[in-house]
Amino acid sequence: MSLFKARDWWSTVLGEKEEFDQGCLCLADIDNTGNGQDKIIVGSFMGYLRIFNPHPVKTGDGTQAEDLLLEVHLRDPILQVEVGKFVSGTEMLHLAVLHSRKLCVYSISGTLGNVEHGNQYQIKLMYEHNLQRTACNMTYGSFGGVKGRDLICIQSMDGMLMVFEQESYAFGRFLPGSLLPGPLAYSSRTDSFITVSSCRQVESYKYQVLAFATDADKRQETEQQKLGSGKRLVVDWTLNIGEQALDICIVSFNQSASSVFVLGERNFFCLKDNGQIRFMKKLDCSPSCFLPYCSVSEGTTNTLIGNHNNMLHIYQDVTLKWATQLPHIPVAVRVGCLHDLKGVIVTLSDDGHLQCSYLGTDPSLFQAPKVESRELHYDELDTELKELQKIIKDVNKSQGIWPMTEREDDLKVSAMVSPNFDSVSQATDVEVGTDLVPSVTVKVTLQNRLALQKAKLSVYVQPPLVLTCDQFTFEFMAPEMSRTVSFSVYLKGSYTPPQLEGNAVVSYSRPSGIPRVIQCKFRLPLKLICLPGQPSKTASHKLTIDTNKSPVSLLSLFPGFANQSEDDQVNVMGFHFLGGSRVTLLASKTSQRYRIQSEQFEDLWLITNELIIRLQEYFEKQGIKDFACSFSGSMPLQEYFELIDHHFELRINGEKLEELLSERAVQFRAIQRRLLTRFKDKTPAPLQHLDTLLDGTYKQVIALADAVEENQDNLFQSFAKLRSATQLVILLIGLWQKLSPDQVAILEAAFLPLQQDTQELVRTHKPAVVTAIIIDKSVVLGRSHMAIMFSKGWEETVDAAISHLLKTCLSKSSKEQALNLSSQLNMPKDTSRLKKHITLLCDRLAKGGRLCLSTDAAAPQTMVLPGGCTTIPESDLEERSIEQDSAELFTNHKHLIVETPMPEVSPLQGVSE
């Protein structure tokens with residue numbers, strides 16, 4: 001520990017990522033207590049004004065809550081703060097705050113507190129001046145010898161001095177030959193302003209000369225002085241110092257003498273009142289700030305100079321008396337009386353480190369504590385060592401690529417959806433055509449067992465459902481702590497979402513540093529996107545669901561959608577989606593069937609899924625466990641294929657529009673180059689209608705860009721409808737063939753590999769190459785056991801996945817099971833191949849095929865998979881052979897097989913812990 005290090009008396013860090021400069025620090029008794037105790041006033045470029053009154057319990061303490069007297073955000077950047085007698089009619093101290101386009105004067109007052117919270121401080125705006133020019137800095141003083149009040153002079157960026165006599169504007173004068181503003185100070189003894197011009201010379205202007213000079217309404221002051229009335233603005237004296245100045249300060253020894261101190265980039269100068277050099281000192285390091293003050297020795301002046309080497313030098317005239325080390329580079333330094341401690345040095349860095357320190361040599365010594373001596377029990381040490389080795393061995397076994405779930409989780413996440421709508425809907429900027437779009441509140445609660453840092457909660461719902469807030473960050477969570485966040489969900493778009501299920505995913509790191517992810521799913525109410533509607537007797541699309549139990553009253557299944565007609569029919573119910581479509585649900589009175597019908601095929605999905613879920617919940621409450629649903633009708637593949645064709649057509653149109661847009665952009669840049677060449681030519685040539693061609697091409701580029709954006713919106717909506725129809729087809733196939741949840745999950749992984757439809761790869765290193773396949777029940781995307789770790793178009797991705805299923809578990813023979821993992825996914829010419837494979841998949845399932853995965857990681861690829869189906873007889877509907885160049889997506893391994901490093905899995909995709 002160095003004896004010459006500044007002794008830290010009190011310190012704090014202001015804000016986060018804020019910036020400060022030399023004018024942002026001021027010390028004064030701003031609340032006018034009269035006890036001689038200074039307060040620290042700090043303003044930042046972010047607009048925050050803070051006032052501190054440090055009261056450290058012991059030396060070196062950080063800031064306490066009661067040390068901050070006032071903090072207010074003034075919105076505009078604060079360039080400089082000063083304290084003086086700025087209000088007429090009183091000699092109380094007030095605070096002047098300089099913004100770039102405004103000067104504000106505030107009154108700071110304190111109210112005596114009656115409780116332990118302490119005194120209360122308020123800030124009140126006394127007056128303000130709006131500036132016509134951008135301000136640089138300011139100075140104040142008793143200009144012209146006035147008594148009992150201070151006037152303010154502001155220097156603008158273009159070299160104009162604006163003088164304000166408290167609440168009124170006095171005059172403005174341009175400094176002759178001013179190019180860049182410099183530091184500004186006022187000398188009360190000579191009644192003059194001193195600055196450093198861009199010519200690197202110190203200049204002094206008398207206040208009387210400025211007051212009687214020609215008014216500076218315009219910059220052309222030279223012509224006005226020749227032709228108009230008024231005196232010419234002349235400089236009192238100048239001194240060339242040969243370098244740019246950082247700051248100017250004026251110190252008076254007595255009434256008969258004062259000194260002008262100028263801090264340059266390499267030297268600091270001490271000048272007499274008439275501009276003669278009293279002394280100068282060449283500095284060894286680049287200075288950052290300085291503060292002259294009267295010395296205890298008569299006729300000498302002490303100067304604090306901070307530099308960029310984190311040092312603070314104390315000079316007595318030109319003699320270095322002390323050097324002390326600071327923890328930061330100071331941009332402003334002041335000396336004041338804080339808490340009855342005189343001579344406290346206050347420094348401020350450009351990033352907000354505020355420190356109060358003093359000079360001294362008291363060492364900070366550290367003594368190591370005595371080590372407790374105890375007897376060694378070797379038997380106990382051996383037992384403890386074996387237990388630790390066992391723990392280490394168990395941890396190494398359990399920690400694989402993916403963290404395993406422990407008996408007691410570090411963090412528990414639960415979500416609760418409010419049963420009622422928000423009293424005031426949070427839906428803003430909606431595109432739905434109804435008058436009022438409801439919103440519902442969701443509360444997510446986090447309960448942690450251990451201390452966690454920077455836990456991040458991400459919430460995801462299916463578009464067009466949107467959240468008022470989808471990201472939450474918890475910097476620190478103490479052990480056994482519970483945190484709850486709330487947000488609202490509402491429908492924004494004019495179409496139906498493919499799912500009402502949301503995901504809340506929390507990512508955090510254990511104290512050992514192991515990253516963890518845990519998720520919680522919640523289900524949104526159907527009434528959020530659907531209203532009771534009038535049933536329709538006719539519809540284009542119908543589905544019939546069979547059950548093995550007696551029909552249940554629809555009023556008990558959907559209590560919030562009861563028909564309000566006089567003859568309440570319990571076997572029919574209408575649903576009206578906020579997007580405009582309608583769905584009708586009928587329950588048979590004689591048989592155990594339910595019919596769902598609608599004008600749009602994809603709209604059947606949500607009501608059908610909701611019906612099955614509510615039937616299962618209803619019979620579970622009754623204690624009936626053998627309830628089952630089935631589907632015996634024909635698979636609606638033709639309606640499904642129409643949605644696929646429409647989605648693929650939009651993809652084709654998007655590529656054509658983007659290609660046209662690229663061509664027009666190239667043409668636009670070529671015309672620009674030709675025009676630029678013509679304009680630069682010294683011998684002008686006719687434009688030959690290039691300007692007309694440029695204008696026409698620009699309009700085409702704008703029109704094509706709008707068309708691309710509109711096509712992308714249509715493609716997004718089409719993909720949402722396609723997802724709804726795909727989930728309906730998967731549900732019907734599962735009910736038709738009575739598939740197990742694992743088999744349904746395989747279908748979901750094959751038909752729904754993408755969360756969004758895009759042509760861009762997601763975090764892969766080799767474009768369009770299948771690099772990783774995860775087949776593991778501990779790693780699930782949604783409920784799928786197979787995950788595709790890339791993002792290509794839906795058609796080629798699903799076609800490759802179905803081709804893999806047809807060549808593995810649904811293959812006719814072992815010859816079809818040869819895999820080729822080097823194939824690439826390319827956009828097909830049409831959808832005929834995909835539709836043929838989907839038809840073939842349904843046909844093979846109808847012939848007795850079953851979906852399954854291999855559990856033997858070492859099984860050869862050319863053998864029949866264990867647990868797979870037996871050979872299925874040939875059918876006229878089947879293809880003789882499936883093309884060998886189809887993209888292979890899945891392996892029969894239980895573990896990960898990669899060509900390149902495995903891409904990250906986004907928490908929003910629902911990776912289970």
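Rules used throughout
- Residues numbered from 1 in each chain as written.
- Predicted model: local features only at pLDDT ≥ 70, side-chain atom pairs only at ≥ 80, totals over all residues.
- Heavy atoms only, no water.
- Helix = DSSP H or I, 4+ residues; strand = E, 2+ residues; numbered from the N terminus.
- Buried < 20%, exposed > 50% of the residue type's maximum accessible area, 1.4 Å probe, protein only.
- Areas by Shrake-Rupley, 256 points an atom, 1.4 Å probe, with all protein chains shown as cover.
- Core = buried A, V, L, I, M, F, W, Y, C linked by side-chain atoms within 4.5 Å.
- Contact = heavy atoms within 4.5 Å.
- Patch = residues over 30% accessible without salt bridge, like charges linked within 9 Å, V, L, I, M, F, W, Y side chains within 5 Å.
- Salt bridge = Lys/Arg side-chain N within 4 Å of Asp/Glu carboxyl O.
- Pairing = 2+ DSSP bridges.
- Axes fitted to C-alpha atoms, helices over the stretch in contact; angles between N-to-C directions.
- Polar contact = N/O pair within 3.5 Å; in protein donor to acceptor, adjacent residues only side chain to side chain.
- Lys, Arg positive; Asp, Glu negative; His and termini not counted.
- Charge placed at Lys NZ, Arg CZ, Asp CG, Glu CD.
- Parallel < 35°, antiparallel > 145°, perpendicular 65-115°, else oblique.
- Left-handed = near helix turned anticlockwise from the far one by under 90°.
- Expected span 1.5 Å × (residues − 1).
- Phe/Tyr/Trp six-rings, centres within 6.5 Å; stacked < 30°, edge-to-face > 60°.
- Lys NZ or Arg CZ within 6 Å of the ring centre and 35° of its normal.
- Nonpolar A, V, L, I, M, F, W, Y, C, P; charged D, E, K, R; others polar.
- pLDDT = per-residue confidence, 0-100.

> Describe in detail the overall build of the chain, supporting the description with residues and values.
Scanning the chain from N- to C-terminus turns up ten helices and 46 strands. Looking at the 913 residues of the chain, the share that counts as buried comes to 46%. Put simply, the chain shows about 46,800 Å² of open surface, and 50% of that area lies on carbon and sulfur atoms.

> So what's going on with the nonpolar core? Which residues, and what values?
If you look at the biggest cluster of nonpolar residues, it comprises 101 residues, and the most contacted ones within it are Leu457, Val489, Leu524, Phe575, Tyr640 and Phe751. Of the residues forming this core, the biggest block, ten residues, is contributed by helix H7 (residues 690–737). For tyrosine 640, the residues in contact, after removing those within four places along its chain, are Phe601, Leu722, Ala725, Thr726, Val729, Phe751, Trp794 and Ile838. In terms of nonpolar packing, the next biggest core, distinct from the first, is built from 19 residues, Ile41, Leu49, Leu70 and Val97 among them.

> Quick rundown of a nonpolar patch on the surface? Include the residues and the values.
The grouping of Leu376, Tyr378 and Leu381 at the surface amounts to a nonpolar patch, some 340 Å² of accessible area in total. Tracing the backbone through its elements, the reader meets leucine 381 in helix H3 (residues 378–398). Accessibility expressed as a relative area gives 39% for leucine 381, which makes it partly exposed.

> Break down the sheet that holds strand E24 (residues 301–307) for me, with residues and values.
Taken in spatial order, the four strands line up as E23-E24-E25-E26 in an open sheet, and their pairing is antiparallel. In this open sheet, the two edge strands, each paired with only one partner strand, are strand E23 (287–294) and strand E26 (319–325). Neighbour-to-neighbour, the strand axes of the sheet open up by a mean angle of 20°, direction not taken into account. Across six bridges, the pairing between strand E25 (residues 311–316) and E26 is antiparallel. Its bridge partner lying in E26, leucine 312 is registered against threonine 324.

> Describe the environment of valine 708, and please don't skip the residues or the numbers.
Note that valine 708 resides in helix H7. In this structure, the C-alpha to C-alpha distance between valine 708 and asparagine 653, residues 55 residues apart in sequence, is 8.8 Å. Discounting residues that sit within four places of it in the chain, valine 708 has contacts with Leu657, Glu658 and Leu661.

> Report on the environment of leucine 338, specifying residues and quantitative values.
Here leucine 338 is to be found in strand E27 (residues 330–338). Distance in space between the C-alpha atoms of leucine 338 and histidine 55 is 8.4 Å, their sequence separation being 283 residues. Apart from the residues within four sequence positions on either side, leucine 338 is in contact with Trp9, Gln37, Asp38, Ile40, Pro54, Val344, Val346 and Cys356.

> I'd like to hear about the sheet that holds strand E4 (residues 48–52), residue by residue, with values.
In spatial order, the strands read E2-E3-E4-E6; together these four strands make up an open sheet with antiparallel pairing. Two strands in the sheet have a free side with no partner beyond their single neighbour: strand E2 (25–28) and strand E6 (68–73). Sheet twist, expressed as the average angle between the axes of neighbouring strands with direction ignored, equals 15°. Both E2 and strand E3 (residues 39–43) contribute to a ladder of four bridges, which runs antiparallel.

> Please set out the environment of glycine 502 residue by residue, giving values where relevant.
Here glycine 502 shows up in strand E36 (residues 501–509). C-alpha separation for the pair glycine 502 and leucine 465, spaced 37 residues apart in sequence, amounts to 9.8 Å. Other than its neighbours up to four places away in sequence, glycine 502 contacts Tyr460, Val461, Cys520, Lys521 and Phe522.

> Give me the side chain of asparagine 137: which residues, what numbers.
Looking at the element boundaries, asparagine 137 is found in strand E11 (residues 135–141). Judged by relative accessible area, which is 13%, asparagine 137 ranks as buried. A polar contact is formed between the side chain of asparagine 137 and the backbone oxygen of glycine 182, at a distance of 3.0 Å. What asparagine 137 contacts, discounting residues up to four positions off in sequence, is Gln80, Leu98, Cys153, Ile154, Gln155, Gly182, Pro183 and Leu184.

> So, a negative patch on the surface: which residues are in play, and what are the values?
Where like charges cluster on the molecular surface, the negative patch consists of Asp379, Glu380, Asp382, Glu384 and Glu387. By the secondary structure assignment, glutamate 387 is in helix H3.

> Just give me the short version of the pattern of salt bridges, but keep the residues and values in it.
Counting across every chain of the model gives 19 salt bridges. Between aspartate 546 and arginine 593 there is a salt bridge; the shortest N-O distance is 3.0 Å. With aspartate 546 in strand E39 (residues 541–547) and arginine 593 in strand E42 (residues 593–598), the pair connects residues that are 47 residues apart, well separated along the chain. The partner of aspartate 799 in a salt bridge is arginine 833, with the nearest N and O atoms 2.8 Å apart. Pair noted here: aspartate 799 is in helix H9 (residues 794–807) and arginine 833 is in helix H10 (residues 832–846), with a separation of 34 residues, a long-range link. The exposure class assigned to aspartate 799 is buried, which follows from its relative accessible area of 12%. Each member of the salt-bridge network shares a partner with another, and the members are Glu18, Arg50 and Glu71.

> Account for the packing of helix H6 (residues 637–680) against H10, with residues named and values stated.
Here H6 crosses H10 at 150°, and the two axes come no closer than 11 Å. With respect to their mutual orientation, H6 and H10 come out roughly antiparallel. The chirality of how H6 crosses H10 is right-handed. Every residue of H10 that contacts H6 at Leu637, Tyr640, Phe641, Ile644 and Asp645 is listed here: Leu834, Lys835, Ile838, Thr839 and Cys842.

> Break down helix H8 (residues 741–751) for me, citing the residues and quoting the values.
For H8, the tally of buried residues reaches eight of eleven residues, placing the bulk of the element in the interior. Regarding H8, the residues found buried are Gln743, Ala745, Ile746, Leu747, Glu748, Ala749, Ala750 and Phe751.

> Residue-level account of helix H5 (residues 604–621), with values.
Counted at 1.5 Å a residue, the expected span for H5 with its 18 residues is 26 Å, and the 26 Å between its end C-alpha atoms agrees. Positive backbone phi, at 85°, marks glycine 623, one or two positions downstream of H5.

> Go over the packing of aromatic side chains, please, and point to the residues and values.
Per the counting criterion, the structure on display carries 19 aromatic pairs. Clustering of aromatic rings is evident, with ring pairs tying together Phe143, Phe171, Tyr186, Phe193 and Tyr207. Over the face of the ring belonging to phenylalanine 421 we find lysine 527, whose NZ or CZ atom lies 5.1 Å from the ring centre.

> Can you tell me about the pairing of strand E7 (residues 78–84), naming the residues and giving the values?
Burial analysis of E7 places six of its seven residues in the buried class, the great majority of the element. Pairing analysis gives six bridges linking E7 to strand E8 (residues 94–99), with the strands arranged antiparallel. Within E8, the position partnered with valine 81 by the bridge is valine 97.

> Help me get a handle on unusual backbone geometry, residues and values and all.
Here the bond from proline 463 into proline 464 is cis, since omega is 10°, no more than 30 degrees from zero. Residue placement: proline 464 occurs in the loop between strand E32 (452–460) and strand E33 (465–467). Unusually for a residue other than glycine, aspartate 340 sits at a positive phi of about 65°. Structurally, aspartate 340 is set in the loop between E27 and strand E28 (341–349).

> So, the packing of H6 against H7: which residues are in play, and what are the values?
At a minimum axis distance of 8 Å, the contact between H6 and H7 shows a crossing angle of 160°. In terms of their interaxial angle, H6 and H7 are classed as roughly antiparallel. In the crossing of H6 with H7, the sense of the turn from one axis to the other is left-handed. In terms of residue class, the contact of H6 with H7 is made up of 25 nonpolar, 13 polar and seven charged.

> Which residues make up the confidence of the model for the chain, and what are the values?
For the chain, the average pLDDT comes to 79, and 80% of its residues sit at 70 or higher. Across residues 218–230, confidence stays below pLDDT 50; counting only partners more than four residues off in sequence or on other chains, it has 15 contacts.

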